[in-house]
Amino acid sequence: MTANLGSQGAAASAAPDGKAPDVTAPGGKAHGVAAPGGTPGPCAGRAILGGSFNPPHVGHLRLAIEAAEALAPLVSGVDLVPCAVPPHKTMTGMLPFDLRARMVEASIVDLPFLRCNRLEGQRQGPSYTWDTLLAYREAEPQTELYFILGSPDFALLPTWHRGLELPGLCHFVVVPRDGQTAQDVIATAQRLWPEARERDPLVGGGPCMALPGGGLAHFLPLPWLDVSASRLRSLWLAGRRVDFLLPRAAFEILKQSEKTVQAHWRQTEPTC
C-alpha cells in the first residue's frame, strides 16, 4: 500500500515497541487504544497511513499525529503501514522491508496511539491497498477504517487495483496538497462516482461526501510539512546533516545499517 502524501487496521493495544498485532492472525480480536482526547472502545475506528517510508521522516510522523488528533472523535489512533512491493513504483533504491519497518517502529515507540503494521511484508506480490484493507476488515469487521491519502492520489484512484471499490472497505480522509481546495475534492468525488452526494461532516469543517459502497470521503485540511524523502536520501548520500528531517531513532538505525543503505540508495532512486 502506498498512499503517497509526500501512496492500512484493527484497533488493538499497541505493543511497547510500536508494533501493531498481525491483523491476519486467526481470532485476532482487538481493543481500542486512546488517541489524544480519544475514548478507547472495542468498536473504535482506526486510521491508516500507508507509504514506502524510505525512510520515515518528520512529515510522515507529523501527519500521523495531526490525523490522530483531528479524527479523535472517530478513531483510537493511526496505523502506519510500510509498503512491501509498491504497485506504482520501482523497487530500485528501496531499502529492505524489515529495515524500513524497524525505522517506523523505533520512531513511534513513545507515541502509543501510533502503530506500525507489517502485514504487507507477509504477502507475496504487489502491496495492493485493496488486499490490505480486506485483511483488516476480515480480522475486525466492526472496526471502521479511515484511509488517509493526499488529494492527488484521491484523483488517481481509478488507476489503483479496484480503487473505485475501496469505499466498500473504508472511509477516505483526503488531505489537500498542491493548492487543491475542498471544491476540487468534491468535484473529483463526483467525477469518480457520479452517485456521490455531499453530507454533513463528522469531523472538521470541510465537506464530506457519501460514496457508493457505504464509505465517506472526509476533506481534512491538516498541516503538511513538505519534506522530500528523495532529498533526504540525497543529503544522506552526500554526507550532509539530516537533523530535524529524520527522527533520531530512524537516523541511528540508518547509521547501524550504513552499508545496506548505501548499496540501495546509490542505485537509481525512486522519486519519493
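Throughout, residues of each chain are indexed from 1 in the direction in which the sequence is written. Reporting in this predicted model follows two pLDDT cut-offs: at least 70 for local features of residues, and 80 or more for side-chain atom pairs to be given and counted; totals over whole chains, interfaces and linings ignore these cut-offs and use all residues. To obtain the side-chain values, all non-hydrogen atoms of the structure were used and water was disregarded.

K.L.:
What am I meant to see in the packing of aromatic side chains here?
P.N.:
Working definition: an aromatic ring pair is given by the centre-to-centre distance plus the angle between the planes. Between rings of Phe, Tyr and Trp, where Trp is taken as its six-membered ring, a pair exists when centres lie within 6.5 Å; planes separated by under 30 degrees are stacked, by over 60 edge-to-face, and by other angles tilted. Scanning the model with the defined rule gives 6 aromatic pairs in all. With a centroid separation of 5.7 Å and an interplanar angle of 70°, the aromatic rings of phenylalanine 154 and phenylalanine 172 are classed as edge-to-face. One end of the pair, phenylalanine 154, is in helix H4 (residues 151-155); the other, phenylalanine 172, is in strand S5 (residues 171-175), and 18 residues separate them in sequence. One exposure class covers both phenylalanine 154 and phenylalanine 172, and it is buried. A connected cluster of aromatic rings, assembled from ring pairs, spans Phe154, Phe172 and Trp193. Whether a charge sits over a ring comes down to the Lys NZ or Arg CZ being within 6 Å of the ring centre and within 35 degrees of the ring normal. Between arginine 162 and the ring centre of tryptophan 130, over which it is positioned, the NZ or CZ distance is 4.0 Å. A run of H or I in DSSP counts as a helix once it spans at least four residues, and a run of E counts as a strand once it spans at least two, with each numbered from the N terminus. When accessible area is computed with a 1.4 Å probe and restricted to protein chains, residues below 20% of their type maximum are described as buried, those above 50% as exposed, and intermediate ones as partly exposed.

K.L.:
What exactly am I supposed to notice about the pairing of strand S8 (residues 216-219) here?
P.N.:
Both faces of the sheet carry side chains from a regular strand, because those side chains alternate between them. By the alternation rule, side chains of S8 split into Leu216 and His218 and Ala217 and Phe219, which are all buried. Note: two strands are recorded as paired if DSSP finds a minimum of 2 bridges between them. In this sheet, S8 lies alongside S5 in parallel orientation, the contact comprising 3 bridges. Each residue of the ladder has a partner; that of phenylalanine 172, found in S8, is alanine 217. One ladder, built from 3 bridges, connects strand S7 (residues 208-210) with S8; its direction is antiparallel. Bridge pairing links methionine 209 to alanine 217 in S8. In sequence, S7 turns back onto S8 through a hairpin of 5 residues, with glycine 213 there showing a positive phi of about 105°.

K.L.:
Looking at this structure, I do not really get the confidence of the model for the protein chain. What am I missing?
P.N.:
In regions of low pLDDT, the predicted coordinates are not meant to be interpreted in detail. Mean pLDDT over the protein chain: 85, with 82% of residues reaching 70 or higher. Scored between 0 and 100, pLDDT is the confidence that the predictor attaches to each residue. When checking whether two residues touch, look at their non-hydrogen atoms; a contact exists if any pair is within 4.5 Å. Below a pLDDT of 50 lies the segment residues 4-17, which in the model reaches 69 contacts outside its immediate sequence neighbourhood of four places, other chains included. Below pLDDT 50 for its whole length, residues 21-43 participates in 56 contacts with residues either more than four positions away or in separate chains.

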